[in-house]
Amino acid sequence: MNSKINSFSAPGKIILFGEHSVVYGYPAIAIAIDKRARTIISSENEDKRGFLHVPDLYPNNFFPFIKKENMPRDIAAHLKIIKYFTDSSPSKKLPYISITSDIPISAGLGSSAAVIVSLTKALSYYYDTYTSLDEINHIAFKGEIIQHKTPSGIDNTIATYGGGIYYHNGKIVNISVPSSSFYITVANSMVKRNTKDLVLKVRQKYEKDKETVQSLFIQIDTIVKEALKAIKEKDIAHLGELMNQNQKILDKLGVGHPEISKIIKIFKQSNSLGAKLTGAGGGGCVIGLFHKKEDAIKAVNRSRENNYQSFLTLSTNIGVKKDE
Ligand code: PMV
């Protein structure tokens, strides 16, 4: 048996280019960021064994590992993953699991995937299953399906491996994002939204007018490929322009929001090279690209003055890990 209390964490992410079209098999570019979700797994505390606690969301609920009717969708996803491990070692005493996160929730920063990936890693450690990163990613993807129905897989992939990735149809190419040559800010519109509903909204638009929506996806595809080139060539100004173009298409797909437009304006007034929503949109977070650190800080301060949660973000190469 491993030591009594252990903590495992996985990073959130920002999608630089290609959200929504990625669900239809087009490529996207994402980087892991320095905000993490954490699973604490413990064999101490006899009376709490066999229970899951998610204090940020359900402070007063301790969910038994047995799935019941009408569970919140996120808890149902967590329980499914827990069951996967408990079924394989029925004789082992159940752990107590507590999940926390410093990634803003329902805001487009991949918090649900980071939680699921950290949970999967924690369980594989507790049950001594020596699960590889590829397997963790695979199991976490199943949890994402319960939560978001038709996820592209980009969120769980970045939470598992960290770093920067060019993601295409489940395949990844690691990319080195030259983060020393630019700054990225995040501002949270504080408009809560739901990935599943937004993905469905785009799906309905697609079913209604395949030709138009397909042509928007193809435009995003071109942007993503150009962005990959711009990243390699460290052409930051062009990267910014491409973000603005990507945003225009996301607006056409119907996933913009007046608060997103307001934040983009604030970023522009602070000399952003480009800005766009990140994740599913409909609210959630906006990212801005800046050449100078002082402009990025100005953008963060102005966003905060307008009551948006905002921060300068750094990319991280550290994927899921056991915390010290
Ligand atoms: O809002 P998030 O962090 O769940 O990101 C969703 C990204 C989408 O492309 C809209 C969906 C997906 O599964 O890739």
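These numbers come from a predicted model, not from an experiment.

Cut-offs and rules
- Residues numbered from 1 in each chain as written.
- Predicted model: local features only at pLDDT ≥ 70, side-chain atom pairs only at ≥ 80, totals over all residues.
- Heavy atoms only, no water.
- Near = heavy atom within 4 Å.
- Areas by Shrake-Rupley, 256 points an atom, 1.4 Å probe, with all protein chains shown as cover.
- Helix = DSSP H or I, 4+ residues; strand = E, 2+ residues; numbered from the N terminus.
- Phe/Tyr/Trp six-rings, centres within 6.5 Å; stacked < 30°, edge-to-face > 60°.
- Buried < 20%, exposed > 50% of the residue type's maximum accessible area, 1.4 Å probe, protein only.
- Lys NZ or Arg CZ within 6 Å of the ring centre and 35° of its normal.
- Axes fitted to C-alpha atoms, helices over the stretch in contact; angles between N-to-C directions.
- Parallel < 35°, antiparallel > 145°, perpendicular 65-115°, else oblique.
- Left-handed = near helix turned anticlockwise from the far one by under 90°.
- Contact = heavy atoms within 4.5 Å.
- Nonpolar A, V, L, I, M, F, W, Y, C, P; charged D, E, K, R; others polar.

Chemist: With reference to specific residues and values, describe the site of the ligand.
Modeler: Taken together, 18 residues lie around the ligand, and Lys13, Ser152, Arg193, Thr195 and Ala280 are the ones closest in. Surface burial for the ligand is 95%, taken as the share of its 380 Å² of free accessible area covered by protein chains. Every element with two or more residues in the shell around the ligand is listed here: strand E1 (5-17), helix H4 (154-161) and helix H5 (195-208).

Chemist: Could you give an account of the packing of aromatic side chains, with specific residues and numbers?
Modeler: Considering all chains together, one arrives at 11 aromatic pairs under this definition. Between Tyr58 and Phe63, the aromatic rings sit 5.4 Å apart at their centres with planes inclined by 90 degrees, giving edge-to-face as the arrangement. Phe63 carries the same exposure label as Tyr58, and that label is buried. Every member of this aromatic cluster is reached through a ring pair, and the members are Tyr24, Tyr26, Tyr206 and Phe217. When the ring centre of Phe311 is taken as reference, the NZ or CZ atom of Lys35 above it lies at 4.4 Å.

Chemist: Describe the packing of helix H1 (residues 73-88) against helix H2 (residues 111-126), listing the residues and the values that go with them.
Modeler: A pair of packed helices is captured by two measures, namely the crossing angle of their axes and the spacing between those axes. Two numbers describe how H1 lies on H2: the axes approach to 10 Å, and their chain directions differ by 20 degrees. By the criterion of interaxial angle, the relationship of H1 to H2 is roughly parallel. With respect to the hand of their crossing, H1 and H2 are arranged in right-handed fashion. Together, Ala77, His78, Ile81, Ile82 and Phe85 of H1 and Val115, Ile116, Leu119, Thr120, Leu123 and Ser124 of H2 make up the contact between the two elements. When grouped by side-chain class, the residues that make up the contact of H1 with H2 number eight nonpolar, three polar and no charged.

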